[in-house]
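Analysis of the macromolecular model
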Amino acid sequence: MMTEHYITSSVTPLDNLDVLSPYEVARLQDKSQGGLYNLFRQCALAVLNCGSEMDSTRLVLNRFREFDVQISQKHRGVQLDLINAPAAAFVDGELIQGIHEHLFAVLRDLLYVSDKIDGCCEGLDLSGTISNQVFNTLRHANALRPHVKPNMVVCWGGHSINQVEYDYTKRVGYEMGLRGMNICTGCGPGAMKGPMKGATIAHAKQRIHDGRYVGISEPGIIAAESPNPIVNELIIMPDIERRLEAFVRLGHGFVVFPGGVGTAEEILYILGILLQQDNTEQPFPLIFTGPAGSEAYFETVDRFIRNTLGERAASCYEIIVDDAYEVAERMRVGLEAVTSYRKATGEAYHFNWQLHIPLSLQQTFEPTHANMRGLNLSRRQEDHELAAQLRCALSGIVAGNVKEPGIRAIEQHGPFELHGEPEVIEALDELLESFVSQRRMKINHDDYQPCFRLARNNRASAG
């Protein structure tokens, strides 16, 4: 049944999710605070809202407030009843195949994490437990492919980029695809979609029929960054910290395109890892790249890194402007080094167990006003610890920009306040101001109101 903008329809899974236990169904139907219904409804709506131009969880939920999803067990298996679902997810009344797959990938991961993850890994410390939770989630999603030589390139970048930047991400993806590389991104639009789109064309030309386009998201961000239709492996991690760890454990090389606060958060996360003494011997290809005209973006990011984390952090990456061919060639050489290293050390190709990730980058950060105000933004600590603190600061700003709990907290208590050493706050102020002026904070830039205030020398200023 279809109205002008909505469809009500029933769908069934395509694989082994055809069988769920009564307990699992009850969890999905449970609308209490401890149940999965509200989370599943939000993630299901995000998948069905593919191609949306909205990057606010609240706006998505408000627009489709009449949407509902009900799960039941029929005599032949599980059935999802989609009520008032976005019509764009259907063709001739039938759910688009890729969206169908994404919908049940969400169901798979939410059930697995809620029922299996919390009780795993007895005897390990907290850091080891978190890494094993990431491993188990990826394995359950069939994302780990043993014995395949390193070829997974993680591409990070903004969902709110201009057409020139988007076209460039496609060119880079195309050049990497010609060299047999697979693509992993945050699964959304913009710089997360472009490399996958370019790689699909290259894979078709090379007659690569099993190209992988892995999208890794988490419940707090998926509604604001709905999975793009090219993703053929969607994985939902429990939170942003495990999502980031999944990227670095699964990926073999990293390309960073222009972006906003979320991209800067990812950069700080990976630098916090690479600055660990235990990781200095590992080959870790990390390239920042964008088209001509994006020089100002990378100059600002590079200056911020040097002014806060120092020259050692800046030595962990290279910047290549407007040369997709060179990016792909440098990545090819980098992946060869990764392959040789893992062969020599006996490390798995499919999951980087040797990479040391400090607990400060693994623990979940809750972006409350008190936690944001309490961050230690000072250079009087180890560089990797400052990277972790800055990562939390930017994670909070992402929450205030697009996540429903963060938006609600800002409405109730005003902007988040970040306090710190004057030199660090000044560098952060320059970085965030550049994102605002370059219109990189949100898709709808015109009414953007900063959700943060930066405090230095007892004076506060809006970003």
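This text gives an overview of the structure that appears in the document. Predicted model, so just to flag it, every value in this text is computed and none were measured.

1. Notes on the layout of surface pockets
Its volume calculated, the largest pocket comes out at about 1,200 Å³. The wall of the largest pocket is formed by 42 residues, among which Leu 39, Glu 218, Pro 219, Gly 220 and Pro 238 lie closest to the centre. Looking at the lining of the largest pocket, the elements that each hand over two or more residues are α2 (37–48), α3 (57–63), α4 (97–117), α8 (219–222), α9 (240–250), α16 (383–402) and α17 (404–413). Its residues assigned to classes, the lining of the largest pocket shows 16 nonpolar, 15 polar and eleven charged.

2. Some remarks on the packing of helix α10 (residues 261–274) against α16
Following both chains from N to C, one finds α10 and α16 inclined at 160°, their axes separated by 8 Å at the closest point. Comparing the axis directions of α10 and α16 gives the class roughly antiparallel. Here α10 and α16 pass one another in a crossing that is left-handed. Contacts between α10 and α16 involve Val 261, Gly 262, Ala 264, Glu 265, Leu 268, Tyr 269 and Gly 272 on the former and, on the latter, His 384, Ala 387, Leu 390, Arg 391, Leu 394, Ser 395, Ile 397 and Val 398. Along the lines of polarity and charge, the residues of the contact of α10 with α16 split into nine nonpolar, four polar and two charged.

3. Considerations on the environment of Leu 431
Structurally, Leu 431 can be placed in helix α18 (residues 422–437). Put simply, Leu 431 and Phe 304 are 127 residues apart on the chain and 6.6 Å apart in space, counted from C-alpha to C-alpha. Those residues in contact with Leu 431, other than ones at most four positions away along the chain, are Ala 264, Thr 300, Val 301 and Phe 304.

4. Overview of the sheet that holds strand β11 (residues 286–290)
What the seven strands build is an open sheet, ordered β9-β8-β7-β6-β10-β11-β12; its pairing is parallel. Of all strands in the sheet, those with a lone pairing partner are β9 (233–236) and β12 (318–321), marking the two edges. In this sheet, adjacent strand axes meet at a mean angle of 25° when their direction is disregarded. Inspection of the sheet shows strand β6 (residues 152–156) paired to strand β10 (residues 253–256) by four bridges, in the parallel sense. Residue Cys 155 lies in a different strand from β10, and its bridge partner there is Val 255.

5. Side note on the pattern of salt bridges
Per the stated rule, a full pass over the model turns up 24 salt bridges. Note that Glu 311 is salt-bridged to Arg 306, the shortest N-O span being 2.4 Å. The class of Arg 306 is partly exposed, set by a relative accessible area of 34%. Salt bridges here are not isolated pairs; linked through shared partners, they connect Glu 175, Arg 179, Glu 329, Arg 332 and Glu 336.

6. Observations regarding empty space enclosed by the protein
Any space left empty among the atoms is revealed by the rolling of a water-sized probe across them. In total, this model carries three cavities of 30 Å³ or more according to the counting rule given. In this structure, the largest cavity spans a volume of roughly 370 Å³. Around the largest cavity, the lining comprises 28 residues; the ones closest to its centre are His 159, Glu 225, Gly 262, Thr 263 and Val 398. Elements represented by at least two residues in the lining of the largest cavity include exactly β6, α9, α10 and α16. Top contributing element to the lining of the largest cavity by residue count: α10, with five residues.

Criteria and thresholds
- Residues numbered from 1 in each chain as written.
- Predicted model: local features only at pLDDT ≥ 70, side-chain atom pairs only at ≥ 80, totals over all residues.
- Heavy atoms only, no water.
- 1 Å grid on protein atoms, 1.4 Å probe; cavity = no way out; pocket = protein on both sides within 12 Å on 5 of 7 lines; lining within 4 Å.
- Points joined across faces, edges and corners; volume = space filled by probe spheres on them.
- Helix = DSSP H or I, 4+ residues; strand = E, 2+ residues; numbered from the N terminus.
- Nonpolar A, V, L, I, M, F, W, Y, C, P; charged D, E, K, R; others polar.
- Axes fitted to C-alpha atoms, helices over the stretch in contact; angles between N-to-C directions.
- Parallel < 35°, antiparallel > 145°, perpendicular 65-115°, else oblique.
- Left-handed = near helix turned anticlockwise from the far one by under 90°.
- Contact = heavy atoms within 4.5 Å.
- Pairing = 2+ DSSP bridges.
- Salt bridge = Lys/Arg side-chain N within 4 Å of Asp/Glu carboxyl O.
- Buried < 20%, exposed > 50% of the residue type's maximum accessible area, 1.4 Å probe, protein only.

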